[in-house]
Amino acid sequence: LVRMSDKKSVGCRRCWYDVWFVIWFAVYPVTVLISDYFNFQGAMHQVDVHELGSYEMWPWNPPKQLLQLYLQWCDAADPLLCANPPYFQTMEAINILFLLRFSVVQLFGFIGGWNSIRKLGLVWAACCFYSVVVCCGETFLGASTSRSPHPQWYLAMYIPYAVFPVLLFWRLWSEMPFSASGLPSTFGALIMSLTGMATLAQFGFFM
């Protein structure tokens, strides 16, 4: 039997700690539409990403300044991003075609307190965590050409992509995460909120 209190969902207006997930799922699509989009376009045109300035990108042609910032980041801290190997292209396609859409659903789900987003959220968390582990493994243990010249910058930028999936697993582990029985304890909510705030602050600093 389901208790009456479990039938009522609680949105982020009452779950103050969920605001960090709302911010993250608002920021995540922007990062996908920049870095992942350029890599996806490089794969589509079958060119090095440094040559994208000479091509018309479809369906959106970003400003040249945005492409320059992306290339500066690649050269300074993330050569693997510019190398864009085939397995990386596959991950970028998954991000654009699936995880981008999933994150928009998560954004509205956390605002509205939709218990139905739980399974989709767990899929998003697993995919995101898996991909960042693969990228970090290649960057720190792979060929010398893939290794970051500034590993501290690299970690600062990509740690949030590992931290937030873990926090999302924790937050959505209950069968009805937005019902009264599915909410974390006060201590758990505090830890979740402080971790999310610190991670976003670090991410924003390096953005």
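This section reports on the structure supplied with the text. Treat the numbers as computed from the prediction; the structure is a model and nothing was measured.

## A few points about the layout of surface pockets
Approximately 690 Å³ is the volume attributed to the largest pocket. Lining the largest pocket are 30 residues, and of these S35, W73, M157, Y158 and Y161 lie nearest its centre. Taken together, the elements giving at least two residues each to the lining of the largest pocket come down to helix 2 (19–45), helix 3 (64–77), helix 4 (79–83), helix 5 (86–112), helix 6 (118–141), helix 7 (151–158) and helix 9 (186–206). Residue composition of the lining of the largest pocket, grouped by class: 22 nonpolar, 5 polar and 3 charged.

## So, helix 8 (residues 160–172)
Taking 1.5 Å per residue as the helical rise, helix 8 with its 13 residues ought to reach 18 Å, and the 18 Å between its terminal C-alpha atoms agrees with that figure. The complete set of buried residues in helix 8 reads P160, Y161, F164, P165, L167, L168, R171 and L172. Along helix 8, the residues classed as buried sweep out an arc of 165° about the axis, all on the same side.

## Quick look at the packing of aromatic side chains
Counted under the stated rule, the structure contains 17 aromatic pairs. Between F25 and W124 the ring centres are 5.0 Å apart and the planes differ by 70°, which places this aromatic pair in the edge-to-face class. With F25 in helix 2 and W124 in helix 6, the pair connects residues that are 99 residues apart, well separated along the chain. One exposure class covers both F25 and W124, and it is buried. We note R171 situated over the ring of F178; from NZ or CZ to the ring centre the distance is 4.8 Å.

## Focus on the environment of W20
Its location among the elements puts W20 in helix 2. A C-alpha to C-alpha distance of 6.5 Å links W20 and M197, two positions 177 residues apart in sequence.

## Quick look at the nonpolar core
With 49 residues, the main nonpolar core has F21, F25, Y70, F110, W124, Y158 and L168 as its most contacted residues. Breaking this core down by element, the ones donating at least two residues are helix 2, helix 3, helix 4, helix 5, helix 6, helix 7, helix 8 and helix 9. The dominant element in this core, judged by the number of residues it contributes, is helix 2, at 9 residues. Beyond its immediate stretch of four places on either side in the chain, Y70 contacts S35, F38, N39, V49 and L81.

Thresholds applied
Residues numbered from 1 in each chain as written. Predicted model: local features only at pLDDT ≥ 70, side-chain atom pairs only at ≥ 80, totals over all residues. Heavy atoms only, no water. 1 Å grid on protein atoms, 1.4 Å probe; cavity = no way out; pocket = protein on both sides within 12 Å on 5 of 7 lines; lining within 4 Å. Points joined across faces, edges and corners; volume = space filled by probe spheres on them. Helix = DSSP H or I, 4+ residues; strand = E, 2+ residues; numbered from the N terminus. Nonpolar A, V, L, I, M, F, W, Y, C, P; charged D, E, K, R; others polar. Expected span 1.5 Å × (residues − 1). Buried < 20%, exposed > 50% of the residue type's maximum accessible area, 1.4 Å probe, protein only. Arc of directions from axis to C-beta. Phe/Tyr/Trp six-rings, centres within 6.5 Å; stacked < 30°, edge-to-face > 60°. Lys NZ or Arg CZ within 6 Å of the ring centre and 35° of its normal. Core = buried A, V, L, I, M, F, W, Y, C linked by side-chain atoms within 4.5 Å. Contact = heavy atoms within 4.5 Å.

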